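Summary of structural features
Residues per chain, in single letters:
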Amino acid sequence: MTTIERSAASVDPAADVETLYRDGIVGLKGAFSREWVEQLREDMMTAFWAAIQRPGGAISRGPRRWYVEVHPQDISGFLDLVTHPWVQALSEAVIGSDYQIVEIGFDVPFQGARNQPWHRDFPSPPDTYEQHRLTSLAFNMTGVDVTEDMGPFEIAAGTQYDDGRTWNHEMFPPKDEWPRFAERGIRKFPQMGDISARSALTIHRGTAHASPIARPVLVLGVDAPAAGHEALHDVVVTRDYFDALPVSVSRRLRCRIVDELVPIEQKHDIEGLVMGAD
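The following paragraphs examine the structure supplied in this document.

Rules used in this analysis
Residues numbered from 1 in each chain as written. Predicted model: local features only at pLDDT ≥ 70, side-chain atom pairs only at ≥ 80, totals over all residues. Heavy atoms only, no water. Helix = DSSP H or I, 4+ residues; strand = E, 2+ residues; numbered from the N terminus. Rg over C-alpha atoms; globule rule 2.2 N^0.38 Å. Buried < 20%, exposed > 50% of the residue type's maximum accessible area, 1.4 Å probe, protein only. Pairing = 2+ DSSP bridges. Contact = heavy atoms within 4.5 Å. Axes fitted to C-alpha atoms, helices over the stretch in contact; angles between N-to-C directions. Arc of directions from axis to C-beta. Polar contact = N/O pair within 3.5 Å; in protein donor to acceptor, adjacent residues only side chain to side chain.

Time to look at the overall build of the chain. Broken down by element type, the chain carries nine helices and twelve strands. Relative to the globule expectation of 19 Å for 278 residues, the C-alpha radius of gyration of the chain, 18 Å, shows essentially globular dimensions. The principal-axis extent of the C-alpha atoms belonging to the chain is close to 50 × 45 × 35 Å. Within the chain, the proportion of its 278 residues that are buried is 54%.

Here it is, written out as structure tokens:
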């Protein structure tokens, strides 16, 4: 049994599902080695510096903060991530045995990034605000040890079931509701190797980043078949890469198959994040 498998096996999946449904987020400490994460950080920052130089290569998430969707082949540990026992078990328990992989990308704030407005990443479906059923998950992995001055991710626990249909774009609650989210807000300080899973409907924000060290965080998105978030992304792989994937992965990967990879033109723009909150 590998180190990764032992780490996942030490956590009770039922307890993690309960935490996720209650708080909208759950984590696993030490899921990967620091050496593995060092390579992940290098992959993300290499992709960022290539993307930021071309039009449409990176999407602003506020001042000095960007999102970049990447090809699975750009992340050397992609297969390790999607076959991690904790990722697989949690996805099956929450989404179902037919869950799909629809997104691979990363967020990265730099020094000078400001507080984001409280938001969710897309409108809530009736399955969630009426029936309290989650139809998608976002797995996150930090590329650095997060400290207080690195603009830690802040999440308002338990808000994934808020209706939100009257909010701006059904994603941005009005400022007079912000104190409620601030009261519930929990700042996260993951260390290299930790992984979390959250509902992207749980209200959250990136906070002000004073550190000269960038804080890249990987995003792996999984969906129920009818969730519809595949349309926000464009996962692309080459034929030889796809054919080499285990069937357990290739059957879940919602992607286009091409002869040669070309740079991605980003699709998941969130207009309300461009200016920041302050």
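Past the structure itself, the notes keep going.
Most of strand S10 (residues 217–223) is tucked away: seven of the seven residues are buried. Residue alternation in S10 divides its side chains into two sets, Val-217, Val-219, Gly-221 and Asp-223 and Leu-218, Leu-220 and Val-222, and both sets are buried. For strand S4 (residues 100–109) and S10, the ladder comprises seven bridges, and the chain directions are antiparallel. Residue Gln-100 lies in a different strand from S10, and its bridge partner there is Asp-223. In this sheet, S10 lies alongside strand S5 (residues 136–142) in antiparallel orientation, the contact comprising seven bridges. Opposite Ser-136, over in S10, you have Asp-223 as the bridge partner.

The next point concerns the sheet that holds strand S2 (residues 59–60). The sheet built from seven strands is open, its strands ordered S1-S8-S5-S10-S4-S3-S2 with antiparallel pairing. Looking along the sheet, the strands with just one partner apiece sit at the ends: strand S1 (25–28) and S2. Against the sheet, helix H5 (residues 85–94) engages S1, S5, strand S8 (195–198) and S10, with an angle of about 160 degrees to S5.

Attention shifts here to the sheet that holds strand S9 (residues 204–206). Strand order across the open sheet formed by three strands is S7-S6-S9, with antiparallel pairing between neighbours. The open sheet has two edge strands with one neighbour each: strand S7 (185–187) and S9. Adjacent strand axes in the sheet meet at a mean angle of 20 degrees, parallel and antiparallel pairs treated alike.

Once that is clear, we can look at H5. Note on helix geometry: an α-helix contains 3.6 residues per turn, so any two residues three or four positions apart are oriented the same way. Those residues of H5 lying buried are Trp-86, Val-87, Leu-90, Ser-91 and Val-94. Looking straight down H5, one finds its buried side chains confined to an arc of 125 degrees; they lie on one side. Positive phi appears at Gly-96, one or two residues downstream of H5, with a value of about 125 degrees.

Attention shifts here to the environment of Arg-187. Structurally, Arg-187 can be placed in strand S7. Assessed through its relative accessible area of 33%, Arg-187 is described here as partly exposed. Not counting residues up to four positions away in its chain, the partners in contact with Arg-187 are Glu-148, Pro-152, Phe-153, Glu-154, Arg-205 and Thr-207. For Arg-187, the side chain forms a polar contact with the side chain of Glu-148, separated by 3.5 Å.

Looking now at unusual backbone geometry. Phi is positive for Arg-64, close to 60 degrees, though the residue is something other than glycine. The topology assignment puts Arg-64 in the loop between S2 and strand S3 (65–69). The partly exposed category is assigned to Arg-64, whose relative accessible area is 40%. Positive phi is not limited to glycine here, since His-132 has a value of about 55 degrees. In this fold, His-132 is placed in the loop between helix H6 (126–129) and S5.

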